[in-house]
Amino acid sequence: MSRLYKKSQPGGHMSYDFDLFVIGAGSGGIATARRAAEYGAKVGIAEFDRLGGTCVNRGCVPKKLMVYASHFPDLFEDAQGYGWSPVKSSLDWEKMITAVNNEVIRLNGIYQNMLDKSKVELLEGHGKFVDAHTIVVGERQVTADKILIAVGGHPIKPNILGIEHAITSDDIFHLKEQPKRMVILGGGYIGSEFACILNGMGTEVTQVIRGDKILRGFDDDLRTEIHQAMGNHGIKIINNSELIAIEKDSEGVKVTVRGSAESEETVVVDVVSLAAVGRKPNTQNLGLENTKVKRHDGAIVVDKYSQTAEESIYAVGDCTDNINLTPVAINEGRALADTLFGGKSRFMSYENIPTAIFTTPEAATVGLTEAEAREKYGDAVKIYRTRFRPMYYTLAGKDEKTMMKLVVDQNTDKVLGAHMVGTSSAEIIQGVAIAVKMGATKANFDATVGIHPTSAEEFVTMR
Ligand SMILES: Cc1cc2nc3c(=O)[nH]c(=O)nc-3n(C[C@H](O)[C@H](O)[C@H](O)COP(=O)(O)OP(=O)(O)OC[C@H]3O[C@@H](n4cnc5c(N)ncnc54)[C@H](O)[C@@H]3O)c2cc1C
């Protein structure tokens, strides 16, 4: 039995200021603090920036709002196929950015209220370890029985000539003007999402990626589908290439890109942005040298109960650089609070985590990719796949396709993975993920009645 099975007595440690002290009020930190406080623990939290962390201030939330903003030109165009007269509209970038940032500020306030309601004490400032039970936040020194590190990460800039002329994903949310031309470096989900957002809003986008296709690590059919669709939507993707120099002159920002055949190409744009081509955990200047906490490549090393090498110290979320998603940070944190203060020893399950890519078209996925399944189950893997033009696009007169795919183990009939590219993929896959997590078989899918007429019904009618 792990020492974690012992339940702490909330309020029982008279010698400490807090039962739990959390460093970082982002997705993981706030979720843990509130859950622990619900159990009666005395909780403090340190934050030097706005409440809510990356997701609320410079990640999921402002990004998704900009995804919505980017879809309107397509809607205006599609409407004509349905009999609407042409819509003449243009984007007021400043108005859009202000609206997005105001929503973020509203959420900051909601987080403050939530902490107040849960009686979690917020200490504003940079938290740093003095020892395994002591933290200094600004001028104040506090002690705690348990300490959680939930400090997240930040984008790093690679060592490229002229890199000071490049911005990061953090800065996109504060651009004063809409770039007319933009280079986005990185083929991961964040880079691809920003490429689609800016392209949808009318910016001329060039995306530079290292590999031959965007979205390394995702199912190959999904990658191909989005890559091609992004090209059809007018995004220029320069593959097998890297950025080697950035120069700024009167014409704009000159970006030199080198391909695999040593060929060089120069693209002139207004803005160059790095999109999570590298993120690093915020573990510098945390005073970790005053503890036994171990790091690997800057990321905090934890066991499955989120415990570090120092018994009283835990870590969740991006600072452990495991799976960097908001719901993962939240689930790790809640499992930890349940274990430490709720008398329910549990840890997060990393199997079948659904995730979305908010590109245009959108994509979402849960479970194994075809390649992962073949590696594990060999010839027993059977693929069900469908690709069609959804009803919506018929009158709109567009050749936009939806792709759906099920990866099945024929020996057990279990659905190992589900992948989709097309409108509302994320909303659809969330439901499919419940079935996959429960271990549903293809026969279970087939026995489910479809909702007609939808795209989603294809998931229960594939043969
Ligand atoms: C552009 C972008 C888009 C994203 N989109 C999605 C998405 O669509 N879906 C999704 O699930 N995930 C998305 N993510 C990832 C998601 O934002 C992160 O996985 C999540 O925010 C991690 O939560 P966290 O609690 O680990 O860290 P964070 O949310 O980063 O919070 C850490 C907090 O700690 C604070 N802090 C750091 N050091 C200290 C210190 N010493 N003292 C006090 N405070 C400190 C920081 O200021 C920060 O507020 C996106 C990320 C980016 C960058």
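Residues numbered from 1 in each chain as written. Predicted model: local features only at pLDDT ≥ 70, side-chain atom pairs only at ≥ 80, totals over all residues. Heavy atoms only, no water.

A. Molecular detail of unusual backbone geometry. Geometrically, the link from T360 to P361 is a cis peptide bond, its omega value of 0° lying close to zero. Within the secondary structure, P361 sits in the loop between strand 20 (355-357) and strand 21 (363-367). Note that the residue after H452, namely P453, is joined by a cis bond; omega there is -5°. Tracing the backbone through its elements, the reader meets P453 in the segment after helix 12 (442-446). Phi at S424 takes a positive value of approximately 65°, unusual for a residue other than glycine. Mapping S424 onto the fold places it in the loop between strand 24 (414-421) and helix 11 (425-438). (Helix = DSSP H or I, 4+ residues; strand = E, 2+ residues; numbered from the N terminus.)

B. Representation of the domain arrangement of the protein chain within the structure. Once the domains are mapped, the protein chain shows domain 1 (18-56 + 95-155 + 280-341), domain 2 (163-277) and domain 3 (355-460). Counting residues at the interface gives six residues for domain 1 and eight residues for domain 2. Note on domain 1 versus domain 2: buried area summed over both sides is about 500 Å², and carbon and sulfur give 64% of it. For domain 1, the biggest contributors to the area lost against domain 2 are I97, N101 and P155; these three give 68% of the whole. Put simply, domain 1 and domain 2 have zero salt bridges between them. At three residues, helix 4 (residues 93-117) tops the list of elements feeding residues into the side of domain 1 that touches domain 2. Along the lines of polarity and charge, the residues of the side of domain 1 that touches domain 2 split into four nonpolar, two polar and no charged. (Domains from an automatic or database assignment. Contact = heavy atoms within 4.5 Å. Buried area = accessible area lost by both parts, 1.4 Å probe. Salt bridge = Lys/Arg side-chain N within 4 Å of Asp/Glu carboxyl O. Nonpolar A, V, L, I, M, F, W, Y, C, P; charged D, E, K, R; others polar.)

C. Geometry of the environment of D321. Examined against the element boundaries, D321 turns out to sit in the loop between strand 19 (313-315) and helix 8 (326-341). Separated by 46 residues in the primary sequence, D321 and G367 have C-alpha atoms spaced 20 Å apart. Sequence-distant contacts of D321, that is, excluding residues within four places in its chain, are made with P281 and A299. Here N324 takes part through its side chain, which lies 3.0 Å from a polar atom of the side chain of D321. (Polar contact = N/O pair within 3.5 Å; in protein donor to acceptor, adjacent residues only side chain to side chain.)

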